[in-house]
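# Reading the structure
One letter stands for each residue in the lines below.
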Amino acid sequence: ESGSETLSNEEKDDVFTQLLMGQDAISEVETSRGKFTVKFPKEKDMLAIGRLMCINRGGLPAASFDTETENRNLICSTLDIVVTGAPQWFEEAKKKIKNFSFEEVPDEEFLLELYQKACSFRSEVQKSLSEKKESESTGIPTNESMVNNVDANVPDGDGCDTVS
């Protein structure tokens, strides 16, 4: 008997279980430069972000860099991992430029806007994982897009953080 056959209906609808079983929680976010699809970063994604940041530092310790540079590294590395779909202009740039990443994007305000929206989605999913609901679905879709109309306020510790 496989593991999925032994799960109750409530467990099958639970975001935690769905994420554990290999599905991604995703959201479509609208930005000033089009719609992007972002995913909730699982622990393996958080580790990948950390590794990418280390690669971007050339192996040097984070303390070797000023706060602004380290924040840029965090933003670009995070977006490189959590963005799974993008507008045509972005996809074309990826095809044209070998090893294209968000480090190539020249608009700092846009990068911050997209990062904040990705972090807001992460916070929303994390909050649903933290809440204990009895036999009630959390309402966060997995493997489905949803429009997430969030404001552009900087997250303050309950989502993605910047270096301080």
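See above for the structure.
Just so you know, the residues in each chain are numbered from 1, in the order the chain's sequence is written. The model is predicted, so local features are restricted to residues of pLDDT at least 70 and side-chain atom pairs to those at 80 or more, both for listing and for counting; the totals for chains, interfaces and linings are taken over all residues. Where side-chain values are given, they derive from all heavy atoms of the structure, hydrogens and water being excluded.

### Quick look at the overall build of the chain
The condition that has to hold: Numbering of helices and strands runs from the N terminus, with a helix taken as a DSSP run of H or I at least four residues long and a strand as a DSSP run of E at least two residues long. The buried label applies to any residue whose accessible area, calculated with a 1.4 Å probe on protein chains only, is under 20% of its type's maximum; exposed applies above 50%, and partly exposed to all values in between. Should any heavy atoms of two residues lie within 4.5 Å, those residues are considered in contact. Areas reported here follow the Shrake-Rupley algorithm with a probe of radius 1.4 Å; residue values treat only the protein chains shown as occluding.
Regarding its fold elements, the chain presents six helices and three strands. Each helix (α) and strand (β) of the chain, taken in turn from the N terminus, gives the series α-α-β-β-α-α-β-α-α. Evaluated residue by residue, the chain yields a buried proportion of 41% over its 164 residues. For the chain, restricting intrachain contacts to residue pairs at least 6 apart in sequence, the fraction spanning at least 24 positions comes to 70%. For the chain, the accessible surface area stands at approximately 9900 Å², while carbon and sulfur atoms represent 48% of it.

### Focus on a nonpolar patch on the surface
How we decide: Residues qualify for a patch when their relative accessible area is over 30% and they have no salt bridge, like charges being joined within 9 Å and the nonpolar side chains of Val, Leu, Ile, Met, Phe, Trp and Tyr within 5 Å. By definition, a salt bridge exists where a carboxyl oxygen of Asp or Glu is found within 4 Å of a side-chain nitrogen of Lys or Arg.
A surface patch of nonpolar side chains, amounting to about 350 Å² of accessible area, comprises Phe 16, Leu 20 and Met 21. Structurally, Met 21 is set in the loop between helix H2 (15–20) and strand S1 (26–31).

### Some thoughts on the sheet that holds strand S2 (residues 34–39)
Stated formally: Two strands qualify as a pair provided DSSP detects at least 2 bridges between them. A fitted line through C-alpha atoms represents every axis, and for helices the fit uses only the stretch in contact; the resulting angles, taken between N-to-C directions, go from 0 to 180 degrees.
In spatial order, the strands read S1-S2-S3; together these three strands make up an open sheet with antiparallel pairing. Since the sheet does not close on itself, it has two edges, and those belong to S1 and strand S3 (83–85), each with one partner. The average undirected angle you get between the axes of adjacent strands in this sheet is 45°. Bridge analysis of S2 against S3 gives two bridges, and the strand direction is antiparallel. The residue bridging Val 38 from the neighbouring strand is Val 83, located in S3. Across the sheet, helix H6 (residues 108–130) lies against S1, S2 and S3, angled at about 150° from S1, the strand it touches most.

### Digging into the pattern of salt bridges
Where charged atoms from two side chains of opposite charge approach closely, those side chains can pair. If you walk through the whole model with that rule in mind, you get ten salt bridges. One salt bridge connects Arg 72 with Glu 108, and the closest N-O pair in it is separated by 3.5 Å. With Arg 72 in helix H4 (residues 67–82) and Glu 108 in helix H6, this pair connects stretches of sequence that are 36 residues apart. A cluster of three or more residues bridged by salt bridges with shared partners is formed by Glu 68, Arg 72 and Glu 108.

### Examining the packing of aromatic side chains
Keep this limit in mind: Aromatic contacts are taken between Phe, Tyr and Trp rings whose centres are within 6.5 Å, Trp giving its six-membered ring; a plane angle under 30 degrees counts as stacked, one over 60 as edge-to-face, and the others as tilted.
Scanning all chains against the criterion turns up seven aromatic pairs. Each ring, one from Phe 36 and one from Phe 90, has its centre 5.9 Å from the other, and the planes form 75°; the classification is edge-to-face. Here Phe 90 lies in helix H5 (residues 88–96) and Phe 36 lies in strand S2, a separation of 54 residues in the sequence. Considering the side-chain rings of Trp 89 and Phe 90, the 5.6 Å spacing of their centres and the 85° angle between planes classify their relative orientation as edge-to-face. Taking relative accessible area as the criterion, Trp 89 reaches 37% and is therefore assigned partly exposed. Of the residues examined, Phe 90 reaches a relative accessible area of 4% and is grouped as buried. Three or more aromatic residues joined by ring pairs make a cluster, and in this case those are Phe 36, Trp 89, Phe 90, Phe 100, Phe 102 and Phe 110.

### Topic: the packing of H4 against H6
Relative orientation and spacing of two packed helices are given, respectively, by the angle between their axes and the distance between those axes. Applicable threshold: Angles are sorted into four bins: roughly parallel if under 35 degrees, roughly antiparallel if over 145, roughly perpendicular if 65 to 115, and oblique for all others. By the definition used in this description, the sense in which the near helix is turned from the far one sets the handedness, with an anticlockwise turn below a right angle giving left-handed and a clockwise turn giving right-handed. Here the nonpolar group is Ala, Val, Leu, Ile, Met, Phe, Trp, Tyr, Cys and Pro; Asp, Glu, Lys and Arg are the charged ones; every other residue, Gly included, is treated as polar.
Between H4 and H6, the least distance of the axes is 10 Å, while the angle of their chain directions is 60°. Our classification of the angle between H4 and H6 gives oblique. Of the two elements, H4 crosses H6, and the hand of that crossing is left-handed. Across the interface between the two elements, Arg 72, Leu 74, Ile 75, Cys 76, Thr 78, Leu 79 and Val 82 from H4 touch Glu 108, Leu 111, Leu 112, Leu 114, Tyr 115 and Ala 118 from H6. For the contact of H4 with H6, a count of residues per class yields ten nonpolar, one polar and two charged.

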